[in-house]
Amino acid sequence: MTRWHTLASKSCGWLAGISLAAMMLITVADVVLRAVASKPIRGTFEIVELLLAGTFFFALPAAFLRDGHIVVDIVDGTSPRWVPLLKRLALVIAMALLAAMAWQGCISARDAVAFNDVTSDLGLSRLWYWIPVLAGMIGACLAAAAMLLKRGGAR
């Protein structure tokens, strides 16, 4: 991996890990406070929902950069010469789908801002939910493009 691949992959991994750890800590704190003091943390569901989006979508570019997707190797044993071509094809399809999803997500995020869409309990702007989603999808699209350019998409 080149230096910027490693840096981008580690940065995304750290962001996802921090989101996951925060989600777990808030959940544990909410359960303990609810059981011990009958004082749950207000808005736990909304905070955990936001952190879950961060966990998944910040990890998505790292998965592309590390070539860490789950693979079913049906073709590998029977036609190994097709594998590099199929990997390149998968990256092209992923780029197209991620770009389309990011485009539609931008439209929805713009609508959330235009209509002042907020969460029901804490009144957080829904834009905060769109930030990790869009960053992750755009980052994953760029990561897929980088992997496609790197050695023709082969491992």
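For the structure, check the block above.
Calculation criteria
- Residues numbered from 1 in each chain as written.
- Predicted model: local features only at pLDDT ≥ 70, side-chain atom pairs only at ≥ 80, totals over all residues.
- Heavy atoms only, no water.
- Axes fitted to C-alpha atoms, helices over the stretch in contact; angles between N-to-C directions.
- Helix = DSSP H or I, 4+ residues; strand = E, 2+ residues; numbered from the N terminus.
- Parallel < 35°, antiparallel > 145°, perpendicular 65-115°, else oblique.
- Left-handed = near helix turned anticlockwise from the far one by under 90°.
- Nonpolar A, V, L, I, M, F, W, Y, C, P; charged D, E, K, R; others polar.
- Expected span 1.5 Å × (residues − 1).
- Buried < 20%, exposed > 50% of the residue type's maximum accessible area, 1.4 Å probe, protein only.
- Contact = heavy atoms within 4.5 Å.
- Phe/Tyr/Trp six-rings, centres within 6.5 Å; stacked < 30°, edge-to-face > 60°.
- Lys NZ or Arg CZ within 6 Å of the ring centre and 35° of its normal.

### Some details on the packing of helix H1 (residues 3-37) against helix H2 (residues 44-65)
Part 1 of the argument: Interhelical geometry of H1 versus H2 gives an angle of 160 degrees and a closest axis separation of 8 Å. By the angle between their directions, the pair H1 and H2 is classed as roughly antiparallel. Crossing of H1 against H2: the hand is left-handed.
Part 2 of the argument: Across the contact of H1 with H2, the residue classes break down as 17 nonpolar, 8 polar and 1 charged.

### Here's the deal with helix H5 (residues 127-149)
Part 1 of the argument: Between the first and last C-alpha of H5 there are 32 Å, a value that for 23 residues agrees with the 33 Å anticipated at 1.5 Å per step.
Part 2 of the argument: Among all positions of H5, only Tyr129, Pro132, Val133, Leu134, Gly136, Met137, Ala140, Cys141, Ala143, Ala144, Ala146 and Met147 are buried.
Part 3 of the argument: On its buried side, H5 packs onto H1, H2 and helix H4 (83-114).

### Remarks on the packing of aromatic side chains
Part 1 of the argument: Within this structure, the stated rule accounts for 1 aromatic pair.
Part 2 of the argument: The interplanar angle of 90 degrees and the centroid separation of 4.8 Å between the aromatic rings of Phe56 and Phe57 together place this pair among those described as edge-to-face.
Part 3 of the argument: What makes Phe56 partly exposed here is its relative accessible area of 47%.
Part 4 of the argument: According to the relative accessible area criterion, Phe57 is buried, its value standing at 18%.
Part 5 of the argument: Of note, Arg126 hangs over the ring of Tyr129, and the distance from its end group to the ring centre comes to 4.9 Å.

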